[in-house]
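Chain residues, written in single-letter form:
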Amino acid sequence: MSAQKIYKVLVVGTGKRGKHHALAFKNNPRFELTGLADSSPEQLAKAAVELGIHKTSLQPLALAKEIQPDVFCFCTPPGIRLELIQVGIASGAKLIAYEKPMALSMTEAIEIRKAVNAAGVKTVVSHQHRYGQHYQKVKEIVESGALGRIHTIHAHAAGWFLHLFTHLVEYMRWYNGYARAEWVMAQAAGRGKLSDNHPSPDYIGGFIQFANGVRGIIECGAGAPDVPEVDYWWRKNKIAVYGTEGFAEVLTGGGWRAVTGAQQGVISGAGCMNYDLEMPPYIEDMVRWLDDDKQVHPCNGESAYEGFEIAMGMLRSVVQGGQIKLPLAAGEPEIEALKKVMPEQPVLVSSDVHRKEYNV
Ligand SMILES: NC(=O)c1ccc[n+]([C@@H]2O[C@H](COP(=O)([O-])OP(=O)(O)OC[C@H]3O[C@@H](n4cnc5c(N)ncnc54)[C@H](O)[C@@H]3O)[C@@H](O)[C@H]2O)c1
């Protein structure tokens, strides 16, 4: 048998998520973590020592051209996406792995999709919660048919839109068999987070009509329901799948529970979002896809694109009013359009735990 290929990796952005990625690549024998880049010299020096990597640079493009990585991974704030995708393509990488959200506007997402398709580069976007045992359990219950005909999926998060929405919509689409979204409609409130580096209305709530008849409901931010069972604020997320014979729901920080026709009462189990458990299989699925074109990564960029389109459709609905038909064409950057029309009224919160985060 021929020796298995070892894939060279360059990680750009060495903050919290960059280090999670770098460590997971380092711990997988099929990857060689070859270099690190960051625009902050202090951050880069710290990460280089922690990870034991000597090849570092403040210039991602120069280092990428030198290393010629198989995997170009970047974990920077969302303000810089298309530019780093172009650096990844220029480096000759076979796979670009990057963080959610995939872009800051529909036009940018369209440009990213065009560029990677033209270059024939695989992309993976970090929606790795799906590897949690509780997320997997809800998928197993839905797939078993125990809930009957699925008609509604309601997902919500305490965290604001451009942090959490693409996670929620990705798992909603997974539970719904990746049915196409036909239209969306939404409302939003609160300008507080429009100047954040994940610019968002403080609260957004909206509907999705899927082609298989399932209704999606997504809420993010200050007005979203609390998940009182979960203490850690960023994990106050829930995705509940309702069918004609029962429901099953996952709480990002608090396990899963279900009621099905075959069971008497509630069944439940453990599970909590945990980077140490989710990153290794997420990274391992990149090996499979690099080895074999048919083993497409579950967090592939095309899936992220469809979720992002739903997100941007909701913002367009807030701005224009009414239902927005998908797919979307390029247009005015959605957040900029939102800034022009959002009223000044402070957001109303759904529970006291949201007050501090939304400064109200
Ligand atoms: N998938 C998840 O579960 C998850 C969780 C948290 C954050 N995120 C996402 O990860 C991304 C990064 O978040 P984080 O928490 O790691 O942020 P962070 O601030 O800890 O790290 C970002 C790093 O990028 C560097 N950087 C900024 N601009 C750069 C540039 N132009 N070139 C090179 N380096 C640059 C910064 O110096 C910093 O070291 C965000 O998009 C965020 O939404 C994802």
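No experiment lies behind these values; they were computed from the predicted model shown.

### Concerning the sheet that holds strand β15 (residues 324-325)
Thought 1: Strand order in the open sheet formed by 9 strands is β14-β13-β12-β11-β7-β10-β9-β8-β15, with mixed pairing between adjacent strands. Each having just a single partner strand, β14 (267-269) and β15 make up the two edges of the open sheet.
Thought 2: Relative to strand β9 (residues 203-210), strand β8 (residues 181-189) runs antiparallel, the two being bridged by 8 bridges. The residue bridging A189 from the neighbouring strand is Y203, located in β9.
Thought 3: Where helix α6 (residues 133-144) meets the sheet, its contacts fall on β7 (150-157), β11 (237-243), β12 (246-251), β13 (256-260) and β14, and the angle it forms with β12 comes to roughly 165°.

### Observations concerning the domain arrangement of the protein
Thought 1: Split by domain assignment, the protein resolves into domain 1 (7-128 + 276-300) and domain 2 (130-273 + 308-341).
Thought 2: For domain 1 versus domain 2, the distance between C-alpha centres works out to 26 Å.
Thought 3: Counting from both sides, the interface comprises 19 residues of domain 1 and, opposite them, 18 residues of domain 2.
Thought 4: Secondary structure elements with two or more residues in the side of domain 1 that touches domain 2: α5 (106-119) and α8 (275-291).
Thought 5: Tallying contributions element by element places α5 first for the side of domain 1 that touches domain 2, with 4 residues.
Thought 6: Per-class residue counts for the side of domain 1 that touches domain 2 are 12 nonpolar, 5 polar and 2 charged.

### Focus on the sheet that holds strand β5 (residues 95-98)
Thought 1: As summarised here, the arrangement of the 6 strands in space is β3-β2-β1-β4-β5-β6, forming an open sheet in which the pairing is parallel. The sheet terminates laterally at β3 (56-57) and β6 (122-125), the two strands that pair on one side only.
Thought 2: Running at roughly 150° to strand β2 (residues 31-37), helix α1 (residues 16-26) makes contact with β1 (7-12), β2 and β4 (71-74) of the sheet.

### Some remarks on the site of the ligand
Thought 1: Every one of the 24 residues lining the ligand counts as a neighbour, but G13, G15, R17, S40 and E99 are closest to it.
Thought 2: Element by element, the count of residues in the shell around the ligand is highest for α1, at 3 residues.
Thought 3: Residue composition of the shell around the ligand, by class: 7 nonpolar, 12 polar and 5 charged.

### Description of the nonpolar core
Thought 1: L10, C73 and L168 are the most contacted members of the largest nonpolar core, which has 107 residues in total.
Thought 2: Residue-level mapping places this core at the junction of two domains, with at least three residues from each of domain 1 (7-128 + 276-300) and domain 2 (130-273 + 308-341).
Thought 3: Filtering out sequence-adjacent residues up to four positions away, C73 remains in contact with V9, L10, V11, V12, H21, A97 and Y98.

### Section: the pairing of β5
Thought 1: Burial along β5 is two-sided: L95 and A97 facing one way and I96 and Y98 facing the other are all buried.
Thought 2: Here β4 pairs with β5 via 4 bridges, running parallel. The residue of β5 that forms the bridge with V71 is L95.
Thought 3: Considered for its hand, the β-α-β crossover made up of β4, helix α4 (residues 82-90) and β5 is right-handed.
Thought 4: As paired elements, β5 and β6 share 4 bridges and run parallel to each other. When the bridges of β6 are listed, L95 appears paired with K122.
Thought 5: Read as a crossover between parallel neighbours, the route from β5 over α5 to β6 is right-handed.

### Topic: helix α3 (residues 60-67)
Thought 1: Taken as a whole, α3 has its buried residues at P60, L63, A64 and I67. Down the axis of α3, the buried set is contained in an arc of 100°. They therefore lie on one face.
Thought 2: Contacts made by the buried residues of α3 are with β1, β2, β3, β4 and α4.

### Quick look at the environment of A45
Thought 1: Take A45: it is sitting in helix α2 (residues 41-51).
Thought 2: Through-space distance from the C-alpha of A45 to that of T56 is 8.3 Å; in sequence the pair is 11 residues apart.

### Comments concerning the environment of I150
Thought 1: Locating I150 in the fold gives a position in strand β7.
Thought 2: Residues I150 and Q295, 145 residues apart in the sequence, show an inter-C-alpha distance of 28 Å.
Thought 3: Apart from the residues within four sequence positions on either side, I150 is in contact with V142, N176, V214, V241 and G243.

### Some thoughts on the packing of α5 against helix α9 (residues 301-320)
Thought 1: Interaxial distance between α5 and α9 falls to 10 Å at its minimum, and their mutual angle equals 165°. For the element pair α5 / α9, the angle class is roughly antiparallel. Crossing geometry of α5 relative to α9 is assigned as left-handed. Side by side, α5 and α9 meet where M106, A109, R113 and V116 of the first sit next to G301, Y305, F308, E309 and M312 of the second.
Thought 2: Taken together, the residues of the contact of α5 with α9 break down into 6 nonpolar, 1 polar and 2 charged.

What counts, and at which threshold
- Residues numbered from 1 in each chain as written.
- Predicted model: local features only at pLDDT ≥ 70, side-chain atom pairs only at ≥ 80, totals over all residues.
- Pairing = 2+ DSSP bridges.
- Helix = DSSP H or I, 4+ residues; strand = E, 2+ residues; numbered from the N terminus.
- Contact = placed C-beta atoms within 7 Å.
- Axes fitted to C-alpha atoms, helices over the stretch in contact; angles between N-to-C directions.
- Domains from an automatic or database assignment.
- Nonpolar A, V, L, I, M, F, W, Y, C, P; charged D, E, K, R; others polar.
- Near = placed C-beta within 6 Å.
- Core = buried A, V, L, I, M, F, W, Y, C linked by C-beta atoms within 7 Å.
- Buried ≥ 20, exposed ≤ 12 C-beta atoms within 10 Å, placed from the backbone.
- Right-handed = clockwise from strand over helix to strand, strands pointing away.
- Arc of directions from axis to C-beta.
- Parallel < 35°, antiparallel > 145°, perpendicular 65-115°, else oblique.
- Left-handed = near helix turned anticlockwise from the far one by under 90°.

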